[in-house]
Amino acid sequence: PIRLTNSMMRIVVVLLLGIPCRSFVPQRLGVQHRRFHGNVPLQPRDTKTLYSPQNHCSSEVCDDFIETSSDTQEQSALAQRLQGGAKPTVWSEFGALAASLGDSVVNLGQGFPDFAPPDFVRVAAYTAISKDCHQYTRPAGHPPLVNLLAERYSSHLGRTIDPMAEVAVTVGCSQALYVSMQCLVKPGDEVVLFEPFFDLYLGQISMAGGSPRFVPLKPAPPSSSSAWDLDIDALEAAIGPKTCALVLNSPHNPTGKVFTPDEMKAIAAVVRKWPRIVVVSDEVYKYTVHGGGDVDDTANGGESGDIEKSGVKSSSASETAAGHHHFASLPGMFDRTLTLSSAGKTFAVTGWQVGWIIGPARLLTDVQTVLPFLQFCASTPMQQALVEVLSQADEPYGGFDNYYLWLSAIYKRKAALLSRALEAANLPILKSEGGYFLTVDVSAVDVPQRYLDEESPAIEAVTRDWAFCRWLALEHGVLAIPVAPFFSLESRSKVGSYVRFAFCKTDATLERAAERLRKLAPQSADAAAAESIMPLGSNSQGNQRDTDQPTLRVSASAAAPAASSTTP
């Protein structure tokens, strides 16, 4: 008798059913059928070669990836948890683009400082490494650090925090978010997100077996200090019996919105109606509140040293961050809140990866139980260094009462520097109050069609803001991040086209970016009228430049989000 091997059986099935004879491994990973070129997985839909906007040449493509199977039994457990597969993200996509362009691009994309941390931070790291603290420490947090965090948050929240029962140290705030979702979310539960939202939340909710419910922020009136307001009616409508958690991110990424005390009180009033809901308060940008809406230039100086104090409120950082409001400090909300933060954004040490969670013992018990299963402990020397860093940061620095006030002033000035360059490029800026990003509206930019026709496995359909960011990086050497991935699929077609620029960069980096951005706008008042109706790639004599530039038409109404174009 003939014995059929597995390979022979597959061939028989293929011949009988017409199923393509392809490996099932990529199907388990949920990878879409796309063609890739090096580190930049984008190409026209109708060709097997990749047209490169950078050098106007064609290149051979790599092998095909395999189509995603609709049968979840053929997907990996990870792909099933992520509800759509383990596919590239906006960060992997534009990170690869930045790597491929190298020094030719000014990277204002991902939010990490490109300057060294202050001297006192580096000295603390040197000192910690020289001490005998190189072995495992307590999984829920190095005792000296949790004691200090408990002391500080007791002041922040107006209550006594138990360092051993109500504090947990994590490997950055990303792990704090992951652990929180694993402890709060059961399969079938729902988590409320205000949109736009930091896209990391989606994967972490899915990994826990939950589903997101979206509450769009609504456009604020011109008199508001923010471009966005809380829609309390939409929040009420989104909550139901399946709701287990609500993520509150203030200062907000990507918009820079700082939720007001009244907005937080309104959220608390809704939460009180639903005893099961826990608020996950993501506060990694708490020390970067830099203005009351409009960005202006009120501080002078560089990355270190004295700068002017104009427009910066004085306060004790031990009590709270100037301009920031802790949701857990509201009446009855400590027992309903996990407060998350980290050191990376505040001290320009995103690679240290030390974060923390503050909350009631009934919630922290599960968090502390889970942590050793993920990673036995955060880096011991980095935790030890942070003890000294947090202590030193409360001391006078750079002519200010403490480091945190100096940091706020620095970011206020850097925001102003980038703001002027974006305004010179005729890119309307949405009001920003905190964080270190500025968001602009590119709805009025005529992006070259071939960028709009591209495809990417990192987004279901290329949007105008995505195409704009590709064009800006490849043809003008400035990398930014499209905001479409920060919206739900249902909302992307109903909102404007927004792009996020990071200003947590050296002055030299921002100046390089500013020089390139200014070239997007007419070079003189005399040429403005003519260039408003011809491609910006043309000079005053009508000669076309080498770069393929779009026509940039910005109406007065585009300077702020309109109700008809910014909410579902």
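That block above? That's the structure.
Rules behind the numbers
Residues numbered from 1 in each chain as written. Predicted model: local features only at pLDDT ≥ 70, side-chain atom pairs only at ≥ 80, totals over all residues. Heavy atoms only, no water. Helix = DSSP H or I, 4+ residues; strand = E, 2+ residues; numbered from the N terminus. Buried < 20%, exposed > 50% of the residue type's maximum accessible area, 1.4 Å probe, protein only. Contact = heavy atoms within 4.5 Å. Areas by Shrake-Rupley, 256 points an atom, 1.4 Å probe, with all protein chains shown as cover. Pairing = 2+ DSSP bridges. Right-handed = clockwise from strand over helix to strand, strands pointing away. Axes fitted to C-alpha atoms, helices over the stretch in contact; angles between N-to-C directions. Salt bridge = Lys/Arg side-chain N within 4 Å of Asp/Glu carboxyl O. Phe/Tyr/Trp six-rings, centres within 6.5 Å; stacked < 30°, edge-to-face > 60°. Lys NZ or Arg CZ within 6 Å of the ring centre and 35° of its normal. Parallel < 35°, antiparallel > 145°, perpendicular 65-115°, else oblique. Left-handed = near helix turned anticlockwise from the far one by under 90°. Core = buried A, V, L, I, M, F, W, Y, C linked by side-chain atoms within 4.5 Å. Domains from an automatic or database assignment. Nonpolar A, V, L, I, M, F, W, Y, C, P; charged D, E, K, R; others polar.

Caption draft 1: Structural view of the overall build of the protein. Helix and strand counts for the protein come out as 20 helices and 16 strands. Going through the 568 residues of the protein one by one, you find that 54% of them count as buried. Nonlocal contacts in the protein, meaning residues at least 24 apart in sequence, comprise 74% of its contacts between residues at least 6 apart. Accessible surface, the protein: about 23900 Å² in total, of which carbon and sulfur atoms supply 53%.

Caption draft 2: Just the pairing of strand 6 (residues 211-216), in detail. For strand 5 (residues 190-195) and strand 6, the ladder comprises 6 bridges, and the chain directions are parallel. Looking at the pairing, Glu 195 lines up with Pro 216 of strand 6. The handedness of the strand 5 to strand 6 crossover, carried by helix 8 (residues 200-207), is right-handed.

Caption draft 3: Looking closely at the environment of Ser 180. Note that Ser 180 resides in helix 7 (residues 172-184). Counting along the chain gives 25 residues from Ser 180 to Ile 205, while the straight-line C-alpha distance between them is 9.7 Å. Each residue touching Ser 180, except ones within four places of it in the same chain, is listed here: Leu 338, Leu 340 and Ile 357.

Caption draft 4: A look at the sheet that holds strand 13 (residues 437-441). Strand order across the open sheet formed by 3 strands is 13-16-15, with antiparallel pairing between neighbours. Since the sheet does not close on itself, it has two edges, and those belong to strand 13 and strand 15 (481-482), each with one partner. Bridge analysis of strand 13 against strand 16 (residues 498-502) gives 5 bridges, and the strand direction is antiparallel. What sits directly across from Leu 438, in strand 16, is Phe 501. Along the sheet, helix 16 (residues 464-476) contacts strand 15 and strand 16; its crossing angle with strand 16, the most-contacted strand, is approximately 45°.

Caption draft 5: Spotlight on the pattern of salt bridges. Here the structure, examined in full by the defined rule, presents 11 salt bridges. One network of salt bridges, in which partners are shared, links Arg 413, Lys 414 and Asp 507.

Caption draft 6: Quick peek at the packing of aromatic side chains. In total, this model carries 24 aromatic pairs according to the counting rule given. Grouped by ring-pair contacts, the aromatic residues Phe 120, Tyr 287, Phe 347, Tyr 397, Tyr 403, Tyr 404 and Trp 406 constitute a single cluster. It is Arg 500 that lies over the ring of Phe 437; its NZ or CZ is 3.6 Å from the centre.

Caption draft 7: Inspection of the packing of helix 5 (residues 119-130) against helix 13 (residues 380-393) at higher detail. Closest axis-to-axis distance for the helix 5/helix 13 pair is 8 Å, and the angle between their directions is 140°. When the axis of helix 5 is compared with that of helix 13, the two are oblique. Between helix 5 and helix 13 lies a crossing whose hand is right-handed. Residues Phe 120, Val 121, Ala 124, Ala 125, Ala 128 and Ile 129 of helix 5 pack against Pro 381, Met 382, Gln 384, Ala 385, Glu 388, Val 389, Gln 392 and Ala 393 of helix 13.

Caption draft 8: Just the pairing of strand 9 (residues 243-249), in detail. With 7 of 7 residues buried, strand 9 lies mostly within the body of the structure. Examined bridge by bridge, strand 5 and strand 9 share 4 bridges and lie parallel to one another. Within the sheet, the bridge partner assigned to Val 192 lies in strand 9 and is Leu 246. Bridging between strand 9 and strand 10 (residues 278-282) involves 5 bridges; their strand directions are parallel. The partner of Leu 246 across the bridge, within strand 10, is Val 279.

Caption draft 9: View of the environment of Pro 88. Along the polypeptide, Pro 88 turns up in the loop between helix 3 (77-81) and helix 4 (90-101). By relative accessible area, which is 28% here, Pro 88 ends up partly exposed. Sequence-wise, Pro 88 and Ala 458 are 370 residues apart; in three dimensions their C-alpha atoms are separated by 4.8 Å. In this view, Pro 88 contacts Pro 457 and Ala 458; residues no more than four positions away in its chain are not counted.

Caption draft 10: Focus on the nonpolar core. Phe 194, Ile 267, Phe 347, Phe 468 and Phe 501 are the most contacted members of the largest nonpolar core, which has 154 residues in total. Here the element with the most residues in this core is helix 14 (residues 403-424); it accounts for 13 residues. Shared between two domains, this core holds at least three residues of each, these being domain 1 (85-111 + 406-520) and domain 2 (119-291 + 321-394). When neighbours within four sequence positions are excluded, Phe 501 is seen to be in contact with Leu 108, Leu 418, Leu 422, Tyr 436, Phe 437, Leu 438, Val 440, Leu 472, Val 478, Ala 480 and Leu 517.

Caption draft 11: Here's a closer look at the packing of helix 7 against helix 12 (residues 361-374). In the contact formed by helix 7 and helix 12, the axes pass within 9 Å of each other and the chain directions differ by 115°. Crossing hand, helix 7 versus helix 12: right-handed. Of the residues in helix 12, those touching helix 7 at Gln 175, Tyr 178, Val 179, Cys 183 and Leu 184 are Leu 363, Asp 366, Val 367, Val 370, Leu 371 and Leu 374. Considering only residue class, the contact of helix 7 with helix 12 consists of 9 nonpolar, 1 polar and 1 charged.

From the geometry alone we can't say anything about function, so treat these as descriptive.
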